[in-house]
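Summary of the model geometry
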Amino acid sequence: MGALPVYHYVGIGLLLFLIGAVGVIIRRNAIVMFLCLELMLNGVNVIFMALGRAKGSVEGQVIVLFIMAVAAAEAAIGMAIITSYYRTHRSVDADKADLMKW
Amino acid sequence: MSALLPYMPYALLLLFTLAMAVTGLGVVVLPNPVHAALALLANLVVTSLLYMVMLGAPFMAMVQLIVYAGAILVFILFVIMLMNLRKEEYTFKVWPMRALLGIGAAIVFFFQIFALNPHFVGKAMLGAQGPDAKVLADLIFSKYLLPFELVSLLIFAAAVGAIALAKKRA
């Protein structure tokens, strides 16, 4: 089997991060914004995996493991916030969340 | 056939990139949140396949499937289901500003792709077996023991916080 230069993988990761970032900016639905956030995290994971692999070390995978754990915690908190927001506003429109705006 | 063999990795890479782009754009573009979540699921599965096939990390591929596709996504789908959301109505009032910001971010990140140094570090082998879970465990439970324990604390705090936030006020 052949070998691929690592920057191809970094390109894939950047592409995922790009799509996620654009999604966070242009969508209004808080849940979909959250999904796009996960997309960004996933892109970073791909880059970590590829660079760790290219360096021949496992530490990239260790970092990815930690990122996944933090993403799980973040999902729990994020969904709880969205639930409690939905309870008071009957929508998850991020534009209508203006309690702390001034 | 054997003359085509050197191009195999590039064909696979192209396939993976296309799959990633299509499913990722699905998350951004689809108006129904359930469809967006399912597109994210497809994206996560493709990522898992990338880890398995291209980066020689079957353990991480499995963790990716179990944690992301199995836990986080089911969780998000449950919340969407409970809220019974309608389709998002794209408003065109705020559209120009938002689109401008989005396009700006897209341009910045797109040129970052070209700013990559092609001669940077080594090559990632295709399909070759990477370090297995045992090596990973050795590292986590020695050098990264403190971060590991801190992450467990973080998850505990997140669980308690989620209950406190989502609980119905009496």
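The following paragraphs examine the structure supplied in this document. (Residues numbered from 1 in each chain as written. Chains lettered and ligands numbered in written order. Predicted model: local features only at pLDDT ≥ 70, side-chain atom pairs only at ≥ 80, totals over all residues.)

**Let's talk about the overall build of chain A**
Our working definition: The secondary structure listing takes helices from DSSP runs of H or I that are at least 4 residues long and strands from runs of E that are at least 2 residues long, numbered from the N terminus. C-alpha atoms define the radius of gyration, and 2.2 Å times the number of residues to the power 0.38 defines the globule rule. Counts of 20 or more other C-beta atoms within 10 Å of a residue's own C-beta define buried residues, counts of 12 or fewer define exposed ones, and intermediate counts define partly exposed ones; C-beta atoms are placed from the backbone. Any pair of residues counts as being in contact when their C-beta atoms, constructed from backbone geometry, are within 7 Å of one another.
A tally of regular secondary structure across chain A gives three helices and one strand. Moving toward the C terminus, one meets the helices and strands of chain A in the order β-α-α-α. Here chain A has a C-alpha radius of gyration of 17 Å; the compact-globule value for 102 residues is 13 Å, and the former is much larger. By residue count, 57% of the 102 residues in chain A fall in the buried class. Counted over contacts in chain A with a minimum sequence separation of 6, partners at least 24 positions apart contribute 49%.

**Notes on the interface of chain B and chain A**
Here is the rule: When residues are grouped by polarity, Ala, Val, Leu, Ile, Met, Phe, Trp, Tyr, Cys and Pro land in nonpolar, Asp, Glu, Lys and Arg in charged, and all others, Gly among them, in polar.
Opposite the 75 residues of chain B that make contact, chain A presents 63 residues. When residues of the side of chain B that touches chain A are traced back to their parent elements, those giving at least two are helix H1 (8-29), helix H2 (33-54), helix H3 (58-83), helix H4 (95-115), strand E1 (123-125), helix H5 (133-140) and helix H6 (145-166) of chain B. Tallied by class, the residues present in the side of chain B that touches chain A amount to 61 nonpolar, 11 polar and three charged.

**Here's the deal with the packing of helix H3 (residues 59-89) of chain A against H5(B)**
Any two packed helices are characterised by the angle at which their axes cross and by the distance between the axes. Formally: An axis is simply a line fitted to the C-alpha atoms; with a helix, the fit covers only the stretch in contact. Between two such axes, the angle follows the N-to-C directions and lies from 0 to 180 degrees. The scheme is simple: roughly parallel for angles under 35 degrees, roughly antiparallel for over 145, roughly perpendicular for 65 to 115, oblique for anything else.
It is at 10 Å that the axes of H3(A) and H5(B) come closest, and there the two elements cross at 70°. The orientation of H3(A) relative to H5(B) falls into the category roughly perpendicular. Counted together, A:Glu59, A:Gln61 and A:Val62 of H3(A) and B:Leu136, B:Leu139 and B:Ile140 of H5(B) form the full contact between these two elements. Its residues placed into classes, the contact of H3(A) with H5(B) shows four nonpolar, one polar and one charged.

**Side note on the environment of B:Leu77**
Residue position: B:Leu77 is located in helix H3. Along the primary structure B:Leu77 and B:Leu38 are separated by 39 residues, whereas in three dimensions their C-alpha atoms are 8.7 Å apart.

**Comments concerning the nonpolar core**
To be explicit about the condition: Any nonpolar core is a set of buried residues, restricted to Ala, Val, Leu, Ile, Met, Phe, Trp, Tyr and Cys, that join up through C-beta atoms within 7 Å. Boundaries of every domain are those given by an automatic assignment or by a domain database.
Ranked by size, the top nonpolar core spans 67 residues in total, and within it A:Ile31, A:Leu35, A:Met49, A:Ala50 and B:Ile76 carry the most contacts. Among the elements of the structure, helix H1 (6-26), helix H2 (30-54) and H3 of chain A together with H1, H2, H3 and H6 of chain B are those that each provide at least two residues to this core. Counting the residues that make up this core, at least three belong to each of domain 1 (5-128) and domain 2 (131-170) of chain B. Beyond its immediate stretch of four places on either side in the chain, B:Ile76 contacts A:Ile31, A:Leu35, A:Ala75, A:Met79 and B:Ala37.

These figures capture arrangement, not role.
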